[in-house]
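Okay, here's what each chain looks like letter by letter:
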Amino acid sequence: MKKILIANRGEIAIRVMRTCRELDLESVAIYSEADRTSLHVRYAHEAYCVGKAPSSESYLNIDKIIEVAKQSGADAIHPGYGFLSENADFARRCAEEGIVFIGPSPEVIIQMGDKIQAREAMTAAGIPVVPGTDGEIKTEAEALEVIKTIGLPVMIKASAGGGGKGMRLVKNESEVVSAVRAARSEAKSAFGDDAVYIEKYITSPHHIEFQILADQHGNTVHLFERECSVQRRHQKMIEETPSPLMTPELRDEMGKAAVEAAKAVNYVGAGTIEFLVDNNLNYYFLEMNTRLQVEHPITERVTGIDLVKQQIYVAEGRELEFGQEDLKQRGHAIECRIYAEDPDNNFMPSAGKVYKISTPLGLGVRTDGYVYEGYEIPIYYDPMISKLIVWGKTRDEAIARMRRALYEYKITGVKTSIKMLERVMNNENFIAGNYDTHFIEKNQEQLLSNGMKDNPEDMVIIAAFIDYLDKLGSNATVTKEFVPAQSRWKKIPYVNHF
Ligand code: MV4
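For clarity, every value in this text was computed on a predicted model and none was experimentally measured. (Residues numbered from 1 in each chain as written. Predicted model: local features only at pLDDT ≥ 70, side-chain atom pairs only at ≥ 80, totals over all residues. Heavy atoms only, no water.)

> Let's hear about the packing of aromatic side chains: which residues, and what values?
Taken as a whole, this structure holds 12 aromatic pairs when the rule is applied. Plain terms: the ring middles of Tyr59 and Tyr381 are 5.6 Å apart, the flat faces sit at 80° to each other, and that makes the pair edge-to-face. Here the residue Tyr59 occupies a position in the loop between strand S3 (46-51) and helix H3 (62-72), and Tyr381 occupies one in the loop between strand S20 (376-377) and strand S21 (384-392), the gap between them amounting to 322 residues. On the accessibility criterion, Tyr59 (0% relative accessible area) is buried. The interplanar angle of 45° and the centroid separation of 5.2 Å between the aromatic rings of Tyr372 and Tyr375 together place this pair among those described as tilted. Take Tyr375: its relative accessible area is 1%, and that puts it in the buried class. Linked through ring pairs, Tyr59, Phe83, Tyr380 and Tyr381 together constitute an aromatic cluster. Directly above the aromatic system of Tyr43 lies the positively charged group of Arg21, at a separation of 4.9 Å from the ring centroid. Across the ring face of Tyr407, the terminal group of Lys410 is positioned such that the distance to the ring centre comes to 4.5 Å. (Phe/Tyr/Trp six-rings, centres within 6.5 Å; stacked < 30°, edge-to-face > 60°. Helix = DSSP H or I, 4+ residues; strand = E, 2+ residues; numbered from the N terminus. Buried < 20%, exposed > 50% of the residue type's maximum accessible area, 1.4 Å probe, protein only. Lys NZ or Arg CZ within 6 Å of the ring centre and 35° of its normal.)

Structure (structure tokens):
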């Protein structure tokens, strides 16, 4: 391979291109009309506009992307995550056009995209799945029948769903009929497929996923787990590895199950096996993601493996250079996702111009982002603007480092989730590793805004700004740029926050 087209935007496009540069591969960017000024366009060796701002007309435009790949002479396409990354038609088109799709086969994408088929394949392979229906439930009478055997509460899930869409929790028998109907119609309109199935509801589970990597020669390894239970409305906020819940025995067992799961479907490439783990450490297969995931950097940090490099090597047909016994977890890594959202206003996306940005640096800190000063965040795409990843020898050190890095992270012009992430890092339950998928709702009071108490420095800056406005109004000589006044609250004469 000499040239790779990256069919994506934002931080992940740059993430992939960085590895391309290290491998001496040229990168081809695609961009929508809303992304002309995006950093991935500047970073790439070549860049081509593929359509209008809505992703349906650009980042999802298969014909146009294939045309650009051929025109630019790209040997392969890396789809990143989201967009076309789990689109079997796209993977098939690439193969038909003689372009390497950096990902698994279209057959596996279809099989794992259909949650009923995935459950069946895992059951056949002896992987524990959540107790529930063998296949699709056809009638509401059938649903009631199933519930008699597995008991309430249950979840009705769309086979074409995943990530929480088309899902209904049922606590009482009286809700069954309406829940099945609701899940069906939501699935029909969202996915064009109204097949649903039933699972026993696991009350307070952990979401723990295993990273796997498989080559074309039958070698499959896992790269341990990621704990992803800190979520809000199915949107992950924080991921860490190792999981505070995990024991060496359980890790070994679940890791083996993840490798078996991948082998059972002849998986090739990087993938993720998602499990629910209950408080008694029972684990159940939930879904398989057939792509590189947002949170892959924490795995890279504790294993030392560049997952994008491995994806490219595997796609080139190389054999994995390491076996399971070569892989070790070293220390602890945490990722915080920075969203351009306002946590004090129901997490409304906060689009607009980034006025100032100053990203954290220093020992054990990585940021994967794409916004720069003066950049206008488009409203059309995901509001995640950056990922902050830290490493520490221990979990405590990683948490302390994350607090320090969040303190250093300054963004003005748009609202972000940084303050809320700081509150999580100071939450006693999080610090104790005592959390599950209900963490945010259980700790709401402490995690939502507490006015100015968070950060006295903010008060200093605001006081200085009021002083500045005052001087402006009184015709006193002041510089055009606002500079925070000398802080008498600190022992040092001047801190330039910007
Ligand atoms: C569940 C569950 C409890 N029991 N299934 C949410 C997203 C989708 N991937 C599956 N989800 C869940 N499925 C059974 N049988 C609880 C959830 C769930 C959840 C899972 C992972 C992370 C956060 C979550 C938040 C709420 C519900």
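> Could you give an account of a negative patch on the surface, with specific residues and numbers?
A surface patch of negative charge is lined by Glu136, Glu142, Glu145 and Asp194. Position of Glu142 among the secondary structure elements: in helix H7 (residues 140-150). (Patch = residues over 30% accessible without salt bridge, like charges linked within 9 Å, V, L, I, M, F, W, Y side chains within 5 Å. Areas by Shrake-Rupley, 256 points an atom, 1.4 Å probe, with all protein chains shown as cover. Salt bridge = Lys/Arg side-chain N within 4 Å of Asp/Glu carboxyl O. Lys, Arg positive; Asp, Glu negative; His and termini not counted. Charge placed at Lys NZ, Arg CZ, Asp CG, Glu CD.)

> Describe the sheet that holds strand S14 (residues 332-339), with residues and values.
Here we have 8 strands laid out as an open sheet, ordered S13-S12-S9-S10-S11-S14-S21-S19, and antiparallel in their pairing. Sheet topology places strand S13 (283-289) and strand S19 (365-369) at the edges, where each strand pairs with a single neighbour. For this sheet, the mean angle separating the axes of adjacent strands, direction not counted, is 25°. Pairing of S14 with S21, which is carried by 8 bridges, proceeds in the antiparallel orientation. (Pairing = 2+ DSSP bridges. Axes fitted to C-alpha atoms, helices over the stretch in contact; angles between N-to-C directions.)

> Give a detailed account of a nonpolar patch on the surface, specifying residues and quantitative values.
Where nonpolar side chains cluster on the molecular surface, the patch consists of Phe465, Leu469, Leu472 and Val478 and spans about 310 Å² of accessible area. Secondary-structure assignment places Leu472 in helix H17 (residues 456-473).

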